[in-house]
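# Descriptive analysis of the structure
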Amino acid sequence: PNSEDPERESLSDVVLRGRLERKLRDFNPSMPDEAIEDAISELLGYNSTRLLKNNKNFHENLTNGIQVEYKVDGEPRGDFVDVIDFENPENNDFLVCNQVTINVGDNPERRPDIIVFINGLPLGVLEMKNPTDPNATIGKAYKQVTDRYVNDIPDLFHYNELIGVLDMSNARLGCLSAGWEWFSPWRYIDEEKDVTQELPAFEVLIRGVFEPRRLLDLIRHFVLFSGEDGKLSKKLAAYHQFYAVNNAVENSKAVVPNPDHNRIGVVWRTQGSGKSLSRVFYANKVRQVKDMENPTLVFLTDRNDLDEQLFQTFKQHGLPAEWADDDDRVQLRERLNREAGGIIFSTI
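Residues numbered from 1 in each chain as written. Predicted model: local features only at pLDDT ≥ 70, side-chain atom pairs only at ≥ 80, totals over all residues. Heavy atoms only, no water.

## Things to note about the overall build of the chain
Quick note on the threshold: Secondary structure elements follow DSSP: runs of H or I of four or more residues count as helices, runs of E of two or more count as strands, with numbering from the N terminus. Just to be clear, the radius of gyration here is over C-alpha atoms, and the globule rule we use is 2.2 Å times residues to the power 0.38. Categorising residues by exposure relies on relative accessible area from a 1.4 Å probe, with only protein chains included: less than 20% of the type maximum marks a residue as buried, more than 50% marks it as exposed, and the intermediate range marks it as partly exposed. Between two residues, a contact is recorded if the distance between any of their heavy atoms is within 4.5 Å. To be clear on the numbers: accessible area is Shrake-Rupley with a 1.4 Å probe, and residue cover counts the displayed protein chains and nothing else. All tallies of charge rest on Lys and Arg as positive and Asp and Glu as negative; His and the ends of each chain are not included. Note on charges: their place is set at NZ of Lys, CZ of Arg, CG of Asp or CD of Glu.
Across its full length, the chain holds 11 helices and 12 strands. A compact globule built from 348 residues would reach a C-alpha radius of gyration of about 20 Å, and the chain, at 22 Å, matches this within 12%. Considered along the principal axes of its C-alpha atoms, the chain spans approximately 70 × 65 × 40 Å. A total of 348 residues make up the chain; the buried ones form 47% of that total. A fraction of 59% describes how many contacts in the chain between residues 6 or more apart in sequence connect residues 24 or more apart. Carbon and sulfur atoms provide 44% of the accessible area of the chain, an area that totals close to 18500 Å². Side chains of the chain carry 41 positive and 58 negative charges; the gap between the two charge centres is 5 Å.

As structure tokens, then:
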């Protein structure tokens, strides 16, 4: 789609409404027209002056579905409209476009190098630089996206989940509100591990991140928001967190129901590698796995300061954490006296 394409009525349109509507109807065949229209209005109506607040609201709609209400035989009924088929990636509409012209209000026109649409929603932005030009660095690509594009075409970033900056030999991935130091390479493609090191960095990032199943997994389980309103921040897992957490989740599914095994595995990490966030990503995903039937998670640490840090990290990212007092086995037993669910912290 571009400025001449009938899929967009205006240069200010950043959502491909026709594709979006078709997929919403495909995914929600029992929903009446009014529910689908309400869902589309919700997706097109992010109007807070705080960009990250809009982005958080969109992410929740994208991953949880959009809550709607309609009448059946005169009685009100509440339900959720699914926006993406996460379980069956092939059912979604993937579209990659280059040089899409966007013009918002009186701001100058901008043309992001590549926009990745899923079901008509612009979820990914890639900015590329010429590797033969020493002045065209991926650092400048980062500034171009996070300063120029965010300021001049902010509507595009209501829907943004991933931002990539790359040339032939360098490539980094990040998200809105992340500083340059948090944009990181994607160094591994799981099913191509034997040849990953032979590929240029940009190809590893594109094939590693934007394979449909991996991309939807990243969006659904590995994006976190913390804080409120003006203090909001957004985080995206790095490749080592993504793979470690997914291995831990798969091992959990295999080992937990089996009484003959009692060890899921060990994850070894260096200082500063995001160990606390990896635990949050793990808890966030394993609680949503149907096979795990809403597990209760207990986190044990050997230092009070580490216990406090981890507990606060979970709370900041919206996970329902609670404490069992230090050295109080009775209280821990009381906390564990439940059918399912819950995240409990204590010390050894």
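## Observations concerning the sheet that holds strand 6 (residues 162-166)
Rule in force here: Strands qualify as paired when DSSP identifies two bridges or more between them. What counts as an axis is a line fitted to C-alpha atoms, over the stretch in contact for a helix, and the angles between N-to-C directions run from 0 to 180 degrees.
On the basis of which strands lie adjacent, the open sheet formed by 5 strands has the order 3-4-5-6-7 and mixed pairing. Each of the sheet's edge strands pairs with one partner strand only, and the pair in question is strand 3 (94-98) and strand 7 (171-174). The mean angle between the axes of side-by-side strands here comes to 20 degrees, regardless of whether they run parallel or antiparallel. Where strand 5 (residues 121-128) meets strand 6, 5 bridges bridge the pair, whose relative direction is parallel. Bridge pairing in strand 6 links E127 to V165. Together, strand 5, strand 6 and strand 7 form the strand contacts of helix 4 (residues 138-152), whose direction differs from that of strand 6 by roughly 145 degrees.

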